[in-house]
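Architecture and fold: a report
Here is how the chains run, residue by residue.
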Amino acid sequence: MSAAPIQHGGGISAAARRYGGRPEDWLDLSTGINPRPVVLPAIEEAAWHRLPDAHRVESTRQAAARYYGSRACMPLPVPGTQAGIQLLPRLVPAGRRVAIVSPTYGEYARVLQAAGHPVDAVNDVRDLDAAHGLGVVVNPNNPDGRLHRLEDLLEARDRLASAGGTLVVDEAFADMVPEASLAGHAGNLPGLLVFRSFGKFFGLAGLRLGFVLGTESILADFADWLGPWSVSGPALSIATGLMNGDCAPIRRSILKRKAALDEVLGGAGLEILGGTPLFSLVADRRAAEIHEWLCARHVLVRVFDYDRNWLRFGLTPDEACDRRLAEALSHFSA
């Protein structure tokens, strides 16, 4: 059974075909990715020349364990978090329902429904119970930035695991809020799976790299399902170097860009409903009109089919782009 593709951010090519201009001239604010990619560490020639050796994978897993603070777990590198999502139907016990705290990243519902699993969209992590064979929570949530208490998440894990179920916590945007992460519990608790994205914080989404955290047995299953050499040697080398480095300047840069974005949005009279340090969610009854207006000026923001009043703005890369966005919004208001 197939499902319709989810509308994501980042469709610059399609936007340029519809509204004109060269893709490289557009200002893409439709994603939640650090707009200032970090400087890549040196990549040794062997990473390009050889298949990823076990020692290279092991070095990356050790770096990820330190970076995420996963004391009892060696995170498994995967070719993007989406690759992990595609495997989730295999974790659902036969005849059991799935629950997803919603609204959130749409690929979870799409993939699980396409596999034939009935999906309940629930409002709160406390709505996950033993009737669900799999529960999914995005924390911080995309697109509203909602944060769930660690106590509530752990209690939900207890309820699901008591009946053989699994709680999946997607922490794609947790790099800026490490205190909200369950990474330190992964490995110790059966029935808990944590997904982490690499490309969002470091601004390297094109690298296609993520990590799965959980018990040794479930990580062994994921490694088997993905097959050998699922992550390239250069990606492993880059991740190892960056995760072992000083990330404080990256965090400061993101916070500076976030403050600049919110100042522009506030100056345009837009209501900021929520967000994370990597994006802001705006609520406005004119959302569709604003989206069209910005597209005509080659600025792309994220719209949502499930709430026509929402727009998500990613971070601008610099002050010149702040001014470009501010000018476009001011002309709309005028």
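Residues numbered from 1 in each chain as written. Predicted model: local features only at pLDDT ≥ 70, side-chain atom pairs only at ≥ 80, totals over all residues. Heavy atoms only, no water.

Taking an unreviewed UniProt entry as the reference, the protein is identified by name as threonine-phosphate decarboxylase belonging to Rhizobium subbaraonis. The UniProt entry for the protein carries the following comment under Cofactor (unreviewed entry): "pyridoxal 5'-phosphate". (UniProt positions renumbered as here; feature names shortened; annotations may be inferred.)

What follows concerns the overall build of the protein. Scanning the protein for helices and strands turns up twelve helices and 13 strands. On C-alpha atoms alone, the protein measures out to a radius of gyration of 20 Å, which is about the 20 Å that the 2.2 N^0.38 rule sets for 334 residues. Referenced to the eigenvectors of the C-alpha coordinate spread, the extents of the protein come out at roughly 60 × 50 × 35 Å. For the protein, the proportion of contacts with a sequence separation of at least 24, taken over those separated by at least 6, is 70%. Of the roughly 14700 Å² of accessible surface on the protein, 52% is carried by carbon and sulfur atoms. (Helix = DSSP H or I, 4+ residues; strand = E, 2+ residues; numbered from the N terminus. Rg over C-alpha atoms; globule rule 2.2 N^0.38 Å. Contact = heavy atoms within 4.5 Å. Areas by Shrake-Rupley, 256 points an atom, 1.4 Å probe, with all protein chains shown as cover.)

What follows concerns the domain arrangement of the protein. Once the domains are mapped, the protein shows domain 1 (12-30 + 248-331) and domain 2 (45-244). Measuring from the centre of the C-alpha atoms in domain 1 to the corresponding centre in domain 2 gives 28 Å. Each partner contributes residues to the interface: domain 1 has 15 residues there, and domain 2 has 15 residues. It is Ile 250, Arg 251 and Leu 278 in domain 1 that bury the most area against domain 2; as a group they hold 36% of the surface buried on that side. Counting the contacts that link domain 1 with domain 2 gives zero salt bridges. For the pair domain 1 and domain 2, the number of links is three residue pairs in polar contact (both at pLDDT 80 or more). Broken down by secondary-structure element, the contributors of at least two residues to the side of domain 1 that touches domain 2 are α10 (248-267), β9 (271-276), β10 (279-283) and β13 (310-314). (Domains from an automatic or database assignment. Buried area = accessible area lost by both parts, 1.4 Å probe. Salt bridge = Lys/Arg side-chain N within 4 Å of Asp/Glu carboxyl O. Polar contact = N/O pair within 3.5 Å; in protein donor to acceptor, adjacent residues only side chain to side chain.)

Another aspect to go through is the sheet that holds strand β2 (residues 76-78). One open sheet accounts for seven strands, arranged β2-β8-β7-β6-β5-β3-β4; its pairing is mixed. The outermost strands of the open sheet, each flanked by one partner alone, are β2 and β4 (119-122). Neighbouring strand axes in the sheet, compared pairwise and without regard to direction, differ in orientation by 20° on average. Two strands pair when backbone bridges link them, and strand β6 (residues 166-170) and strand β7 (residues 192-197) are joined in this way by four bridges, in the parallel orientation. Pairing of Leu 167 across the sheet is with Leu 192, part of β7. Along the sheet, helix α6 (residues 150-162) contacts β5 (132-138), β6 and β7; its crossing angle with β6, the most-contacted strand, is approximately 150°. (Pairing = 2+ DSSP bridges. Axes fitted to C-alpha atoms, helices over the stretch in contact; angles between N-to-C directions.)

Before going further, it helps to examine the sheet that holds β13. If you walk across this open sheet you meet the four strands as β9-β10-β13-β12, and the pairing is antiparallel. Either end of the sheet is taken by a strand with one partner, and the two such strands are β9 and β12 (302-303). As defined by bridge partners, β9 adjoins β10 across five bridges and the pair is classed as antiparallel. Within β10, the residue paired with Thr 276 across the bridge is Phe 279. This element, α10, spans β9, β10 and β13 of the sheet and lies at about 15° to β10. Lying on the sheet, helix α11 (residues 287-296) is in contact with β12 and β13; it crosses β13 at an angle near 40°.

UniProt's entry tags residues 25-329 with the feature "domain: Aminotransferase class I/classII large" (unreviewed entry), counted in the numbering of this structure. The span residues 25-329 is 38% helical and 18% strand by assignment, and the distance between its end C-alpha atoms comes to 18 Å.

Before going further, it helps to examine the pattern of salt bridges. According to the stated counting rule, one finds 16 salt bridges in the structure shown. A salt bridge links Asp 53 to Arg 50; its shortest N-O distance comes to 2.9 Å. The salt bridge partner of Asp 322 is Arg 257, with a shortest N-O separation of 3.0 Å. Here Asp 322 is found in helix α12 (residues 319-333), whereas its partner Arg 257 is found in helix α10, with 65 residues between them in sequence. Each member of the pair, Asp 322 as well as Arg 257, is classed as buried. Ionic contacts of the salt-bridge type, sharing partners, join the residues Arg 22, Glu 24 and Asp 25 into one network. (Buried < 20%, exposed > 50% of the residue type's maximum accessible area, 1.4 Å probe, protein only.)

Turning next to the pairing of strand β8 (residues 210-213). Going residue by residue along β8, you find Gly 210 and Val 212 tucked away on one face and Phe 211 and Leu 213 tucked away on the opposite face as well. With three bridges connecting them, β2 and β8 associate as antiparallel partners. By the bridge assignment for β8, Val 78 is matched with Gly 210. Of the pairings in the sheet, the one linking β7 to β8 comprises four bridges and is antiparallel in character. Within β8, the position partnered with Arg 196 by the bridge is Phe 211.

Where strand β3 (residues 97-101) meets β4, four bridges bridge the pair, whose relative direction is parallel. Pairing of Val 98 across the sheet is with Val 119, part of β4. For the crossover that starts at β3, traverses helix α5 (residues 107-114) and ends in the parallel β4, the hand is right-handed. (Right-handed = clockwise from strand over helix to strand, strands pointing away.)

Helix length check: α12, at 15 residues, gives a terminal C-alpha distance of 21 Å against a target of 21 Å (1.5 Å per residue), a fit within 8%. Among the residues of α12, those classed as buried are Cys 321, Asp 322, Leu 325, Ala 328, Leu 329 and Phe 332. The buried residues of α12 occupy one face: seen down the axis, they fall within an arc of 135°. Against the buried residues of α12 lie β1 (27-28), α10, α11, β11 (299-300) and β13. Structurally, the start of α12 carries an N-cap: the backbone nitrogen of Ala 320 is 3.2 Å from a side-chain oxygen of Asp 318. (Expected span 1.5 Å × (residues − 1). Arc of directions from axis to C-beta.)

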